[in-house]
Amino acid sequence: MSTPLQVTARLRTPVTESDHIRGPVDAPVTLVQYGDFQCPYCGAAYPNLAELLRQRRDTVRLVYRHFPITNLHPYAERAAEVAEAAGRRDRFWEMHDWLYEHQDQLDPVHLSLGVEQVGLPPDEIGAEVDRNAYGDRVRHDFAGGIRSGVNGSPTLFVDGHRHEGGYDLPALLTAVDTTTP
């Protein structure tokens, strides 16, 4: 009797220059995260990913893609659009960090204050988000996640292969270190 072959999900949407990338563009390991700013598990993974990037500064680049699970997290999609509005102003990662560090403050009023704290124009960004100016980008990321087998957040891909381990720091370090050429 043969054992079934375990097939891991693969990243179906390649990383491009339009992605949000933190770390060296030519890093030997690419970690793609599909995340939801209101998801508590993504919030728990956030400091571990930051520490991974600190410890493997020259080895890893992190790509962030939106995967808001709106039926569970009513503010996730708006937060993703705010992050995109910030990204249009070259401030994506600052807004990303604020959103994860203030997950309990993602309602529209607090979100507007967060935009201001990051140094961006809250009225301008609020108007863009109200008219859904970044909805296509968020939906594009989400659809790419679905094509890649993402069904929850956070979902991580290490060099194109779905990471089936945990998102605690030791698991992430092991995943990167065993992938590094």
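Just above sits the structure.
Here is what the cut-offs are and how they apply
Residues numbered from 1 in each chain as written. Predicted model: local features only at pLDDT ≥ 70, side-chain atom pairs only at ≥ 80, totals over all residues. Heavy atoms only, no water. Salt bridge = Lys/Arg side-chain N within 4 Å of Asp/Glu carboxyl O. Helix = DSSP H or I, 4+ residues; strand = E, 2+ residues; numbered from the N terminus. Buried < 20%, exposed > 50% of the residue type's maximum accessible area, 1.4 Å probe, protein only.

A.B. asks: It is not clear to me how the pattern of salt bridges should be interpreted in this structure. Could you clarify?
C.D. replies: Pairing is possible between side chains that carry opposite charge, provided their charged atoms lie close to one another. Under the definition given, this model contains twelve salt bridges. With a closest N to O distance of 2.6 Å, Glu-51 and Arg-54 form a salt bridge. With Glu-51 and Arg-54 both in helix α1 (residues 40-55), this residue pair falls three residues apart, about one helical turn. Judged by its relative accessible area of 24%, Glu-51 falls in the partly exposed class. Exposure remark for Arg-54: the relative accessible area of 47% places this residue in the partly exposed category. With its nearest N and O atoms 2.7 Å apart, the salt bridge here joins Arg-89 to Glu-124. Within this pair, whereas Arg-89 is found in the loop between α2 (76-88) and α3 (92-101), its partner Glu-124 is found in helix α5 (residues 122-130), the two being separated by 35 residues in sequence. Judged by its relative accessible area of 21%, Arg-89 falls in the partly exposed class.

A.B. asks: How should unusual backbone geometry be read in this particular structure?
C.D. replies: Among all residues except glycine, the phi angle is most often negative; among peptide bonds, the trans geometry is most common. Here Ser-153 and Pro-154 are connected by a cis peptide whose omega angle stands at -5°. Tracing the backbone shows Pro-154 in the loop between α6 (135-147) and β4 (155-158). Non-glycine residue Asp-90 carries a positive phi angle of around 60°. Within the secondary structure layout, Asp-90 lies in the loop between α2 and α3. A relative accessible area of 70% means that Asp-90 is categorised as exposed.

Everything listed here is a matter of coordinates, which is why it stays silent on function.
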